[in-house]
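Structural overview for review
The residues making up each chain are set out below.
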Amino acid sequence: MQTNYVMIHDERRCTGCQSCSIACRSENKVPLTVFRLQVQIEGPHGAIPHLHYRYHRVSCQQCENSPCVSVCPTGASYVGDDGIVSVKQKLCVGCQYCLAACPYKVRFIHPETKAADKCNFCKDSRLEREGIPACVDICPMNALIFGDLNDPDSEVAKVLNTAITHKNNPHLGTKPRLYRIPTKRGGIHNG
Amino acid sequence: MKLDRRTFLKSASAGGVYCALSQVVPGTLATLYASPLEPVGQEVMSICEMCSTRCPISARVVDDRNVSINGNIHAAPYGGKVCARGGSGHSLLYDPERLVKPIKRMGERGEGKWKEISWEEAYSEIADKLLAIKKKYGPEAVAFSSKGGSQDRELFYMARAFGSPNVFTHISTCPGGPYVAAASMFGGLPKCDFGNARYIVNFGHSMYEGIEMWEAQAMMKNQVDKGTKLVAFDPRFSILADKADEWYPIKPGTDIAVALAMSHVMIRDDLVDLDFVTKYVEGYESFVKETENYTPEWAEQISGVSAADIVRITHELAFHAPHALVDYGHRSTYTPEEFEFRRALFAVNILLGNIEREGGLFFSQKAKEYNGLAGEKVAPELGTADMQVPAPITQRIDMVADKQYTLLVPYGGVYQSILDTAIKSDPYPLKGWVITRSNPLQTVTDRAKVEKAIRSMDFVVACDVYITETAALADIILPESTYLERDESIYDYSLKFPAYAIRQPVVKTIGDTKPCWQIWRELAIKMGLGEYYKWNDMSEYQLAQLGGDKEELAQLKEKGWLQYGEVPLLLREKKMVADFTKKFSGARTPDADGTYASAMKFRTPNGKIALSSSFVETIAPGREVIRYRDVKMKKEEELFFIQGKVAVHTNGATHNIPMLHNLMSDCSLWIHPETAEKLGIKTGDTIRIHNKIGSEEGKALVTLGIRPDTVFAYMGFGSKNKELKRANNRGIHCGNLLPDVTAPVCGMNLHTTGVTVEKA
């Protein structure tokens, strides 16, 4: 792999403001009935006064071992040279195997193209044009970090080497490329 | 894709936005064969208007109907970012429910029968009606109210030329408390240096939801990167409370007791910066005497915050002084003693001696001040093309009875004073109301009374981008262009050095809308007031602001943001003053201690910080010294009802915008599990919330994030007019439950009250 794009969601900084969700919609023209990206504010958990919220980014985890790609009968779901899991719209027959196979439930059928769709790190929009996904670019709190993990000088490499991070459902062996820096209170919930 | 009427409606209706042609409201975008967006440039720098913060933006048209909006990277304090509201501007632009033609009421007020009219007809009728009122009752019989920003300048200029003193912004329904308290103490509102404070105490200012971009960013960076401690007092577990290190679910309206006890502890334990107080503060002795009884134990009885915590927090805060601050806030839980509450917050800062220090409170270095200190013209001073218009002769309606609101008037007066005046014709008749981009039926308390006031008027004009709840009761509605289609006067963004930004069109105007400067200028001319307008369009106005410097204007339009000098300056920071004098050879000579402390100017009667204010005593007898007064905001058996902000909506303005409605279409009432159990209420239940003001139905959200004696809802939901199809009756209408009470001196509307909640 020439590049290995990864993303880190710093939940200490995230305020759940949904700026990312809106930027994603505008950039990728995602219809209002579906979404590629949301941050769900969960809670409060704990006991008064030691409560805490969880800020859960719900989007494609960009798995290294991606079940959505292995079940795809037509090769529409694929992993590119850049490591990004994406969908070739023209090859998709809308069979929805990938929707069923995704353990994170972040795929949907696009109401206009009728093809499977999901976050692809803005591969064919802002990343292609400006080298950065729309959500990362807009995040007011700088809670999203994105870059090439193959580059040891990249910010993502530095952060992953210095911060405490975890991933969603590691026991599934999907090896997500979306990392999480947990908030300062409460347990780590990586489901 | 070519957009004809059918495909446009189809695409615009994705996501539950249905707009059957039979229900199309005249004058709205749905009636048009909407053409694709026409970009003005490839990437245009402008200013957002999805809330009142006005963040600098950069916008790029993506396709026929999408615009990608991000922050303007030149505007460093804003970090090149926007929030969800800012990113959704284009959703407003192409909303079929947006108003794009002037319309006139055909049936009864509020009946929803409208007819499209031309601008010429609209101007003629408005001019006739307003001039008739002026002739019969005098020009003061017309009230003018506006959203803050350039709209108020445009509208109020016309109002002054018309001869009416009665102009109002939303100030008394939102941030007026700190403005008035600061005016009495400093002669102006300072800013908080959130990015550099080493300890921050926050009273209910949910700044990660009501996002003021430069402040929220600076604070988050400070919290995470530097580990700065944040203590939050709030009856609700807000996002800020979550991000804080300590959260105290304080009893609503008792924040002032904790703030006064903090001052007590500072004085008692010798933590006050006495050197600062001696040099710059008046009224310290009377404040010391007054706070003698405000012990932490006393505050604990009132607020529920333990005395030990108050003492510890005060000591921690003072340890970091002067690089520590108490956020003087915005909103929080209002009380009728809002004025004293805000003064008490400023008082702690004054005792910390954090004025003009890093991590403390500071005043903007605007061009005039900065140039004066630099000894050269670093930044152009903003001029104007406005003329001297004679001041109206009649007294404002909020100033007739007494002078206690004197300090609020320059910021926009007591908005809600329109209600009683209109209904009772006291102190004199109010027969006309011109409202631009303001939605008093949502933002002013006691909805029924606001409606009654509107109905008692002879003639009401609204100017907006939607048929808002308020506009729906008007006689004529004028469609303003959205901020993505219009230009405006240059706006001052100075913080620690001067900076300006400019709003300009991103796309060509859709439909038959006009920018507000054009609307009020043309109406003024129609009313025979053309002599007051020397300028013809906004470019001329902007050029006059920059003293005719075309080059400067071109640069500002290209970058959208210009900053000058770039050496940040806080007058009492030696290092900054040294850097400043190094950069500007003709700079003012620093004081003996290496600061510019002697340049601090407080626009108070004797030039000192008025911790106690003899001026306030003259306008409001008995209020010279900050004092705690008991207040009663609810009956014993009722629950406190408080409101707050959410990051995806702006009070009373954005709830019908498709993308934002899609993110949050409803608001539930937060209820503590213990309270919910007593009432037999579960999450998702339909509930009735009522008091003597009104009754609302909504959904319950049972959560630990609220005190057992309090319920909470986000503001701005539950519009009652049918023209806003999405927002109509979705969620709790807060204004329908709040009483029309005005706080002394600061004139603030009361947003805390008592309610009874039951299963519907």
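Report on the accompanying structure.

Rules and cut-offs
Residues numbered from 1 in each chain as written. Chains lettered and ligands numbered in written order. Predicted model: local features only at pLDDT ≥ 70, side-chain atom pairs only at ≥ 80, totals over all residues. Helix = DSSP H or I, 4+ residues; strand = E, 2+ residues; numbered from the N terminus. Rg over C-alpha atoms; globule rule 2.2 N^0.38 Å. Buried ≥ 20, exposed ≤ 12 C-beta atoms within 10 Å, placed from the backbone. Contact = placed C-beta atoms within 7 Å. Pairing = 2+ DSSP bridges. Core = buried A, V, L, I, M, F, W, Y, C linked by C-beta atoms within 7 Å. Axes fitted to C-alpha atoms, helices over the stretch in contact; angles between N-to-C directions. Parallel < 35°, antiparallel > 145°, perpendicular 65-115°, else oblique. Nonpolar A, V, L, I, M, F, W, Y, C, P; charged D, E, K, R; others polar. Arc of directions from axis to C-beta.

1. A look at the overall build of chain A
Helix and strand counts for chain A stand at six helices and nine strands. Its C-alpha atoms give chain A a radius of gyration of 16 Å, near enough to 16 Å, the size a compact globule of 191 residues would have. Expressed as lengths along the three principal axes of its C-alpha atoms, the size of chain A is roughly 50 × 35 × 35 Å. Looking at chain A residue by residue over its 191 residues, the buried ones come to 46%.

2. Let's talk about the interface of chain A and chain B
Quoted interface sizes are often the accessible area lost when the parts come together. On the side of chain B, 38 residues touch chain A, which itself brings 29 residues to the contact. Secondary-structure elements contributing two or more residues to the side of chain A that touches chain B are helix 1 (19–28), strand 3 (50–58) and helix 5 (134–138) of chain A. A per-element tally of the side of chain A that touches chain B places helix 1 of chain A first, with seven residues.

3. Looking at the pairing of strand 2 (residues 38–47) of chain A
All names here are of chain A. Across eight bridges, the pairing between strand 2 and strand 3 is antiparallel. In the sheet register, Glu 42 faces strand 3, and the bridge partner there is Arg 54. Hairpin connection from strand 2 to strand 3: two residues lie between these consecutive antiparallel strands.

4. Observations concerning helix 1 of chain A
Residues and elements named next belong to chain A. With 10 of 10 residues buried, helix 1 lies mostly within the body of the structure. Of all the positions in helix 1, only Ser 19, Cys 20, Ser 21, Ile 22, Ala 23, Cys 24, Arg 25, Ser 26, Glu 27 and Asn 28 are classed as buried. Trailing helix 1 by a residue or two, Lys 29 shows a phi angle of about 50 degrees, which is positive.

5. Here's the deal with the nonpolar core
Membership of the largest hydrophobic core comes to 296 residues, with the highest contact counts inside it found for Cys 135 of chain A together with Val 258, Leu 669, Ile 671 and Val 711 of chain B. Here Val 258 of chain B is in contact with Phe 233, Ile 250, Ala 299, Ser 303, Val 305 and Ile 310 of chain B, once residues within four sequence places are set aside.

6. Some thoughts on the sheet that holds strand 1 (residues 5–10) of chain A
Strands belonging to one sheet form pairs held by backbone hydrogen bonds; the direction of such a pair is parallel or antiparallel. Residues and elements named next belong to chain A. Reading across from one edge, 8-1-9 is the order of the three strands in this open sheet, with mixed pairing throughout. A single partner strand is all that each edge strand has here, and the edge strands are strand 8 (144–148) and strand 9 (178–181). Averaged over all neighbouring strand pairs, the angle between strand axes comes to 20 degrees, with direction disregarded. For strand 1 and strand 9, the ladder comprises four bridges, and the chain directions are parallel. Within strand 9, the position partnered with Ile 8 by the bridge is Tyr 179. Together, strand 1, strand 8 and strand 9 form the strand contacts of helix 6 (residues 155–162), whose direction differs from that of strand 8 by roughly 115 degrees.

7. Side note on the packing of helix 5 (residues 150–162) of chain B against helix 19 (residues 516–526) of chain B
Residues and elements named next belong to chain B. Where helix 5 contacts helix 19, the axes come no closer than 9 Å and their chain directions differ by 10 degrees. Relative to helix 19, the element helix 5 lies roughly parallel. Judged by residue contacts, Gln 151, Glu 154, Leu 155, Met 158 and Ala 161 of helix 5 engage Cys 516, Trp 517, Trp 520, Leu 523 and Ala 524 from helix 19. Class assignment of the residues belonging to the contact of helix 5 with helix 19 gives a composition of eight nonpolar, one polar and one charged.

8. With respect to helix 15 (residues 367–374) of chain B
Residues and elements named next belong to chain B. All buried positions along helix 15 are accounted for by Ala 367, Tyr 370, Asn 371, Leu 373 and Ala 374. Around the axis of helix 15, the buried residues are gathered within 165 degrees of arc, so they sit on the same side. Of the residues flanking the end of helix 15, it is Gly 375, one or two places downstream, whose phi is positive at about 70 degrees.

9. Looking at the sheet that holds strand 16 (residues 459–464) of chain B
Residues and elements named next belong to chain B. The sheet built from seven strands is open, its strands ordered 5-4-17-16-15-6-7 with mixed pairing. Of all strands in the sheet, those with a lone pairing partner are strand 5 (114–116) and strand 7 (167–168), marking the two edges. Of the pairings in the sheet, the one linking strand 4 (residues 103–105) to strand 5 comprises three bridges and is antiparallel in character. Its bridge partner being in strand 5, Ile 103 is matched across the sheet by Glu 116. In this fold helix 5 packs onto strand 6 (142–146), strand 7 and strand 15 (432–436), with an angle of close to 165 degrees to the strand it touches most, strand 6.

10. Some words on the pairing of strand 10 (residues 229–233) of chain B
Residues and elements named next belong to chain B. Burial analysis of strand 10 places four of its five residues in the buried class, the great majority of the element. In terms of strand pairing, strand 9 (residues 199–203) meets strand 10 through five bridges, oriented parallel. The partner of Tyr 199 across the bridge, within strand 10, is Lys 229. By the bridge criterion, three bridges tie strand 10 to strand 11 (residues 246–248) in an arrangement that is parallel. Across the sheet, residue Val 231 finds its bridge partner in strand 11, namely Glu 246.

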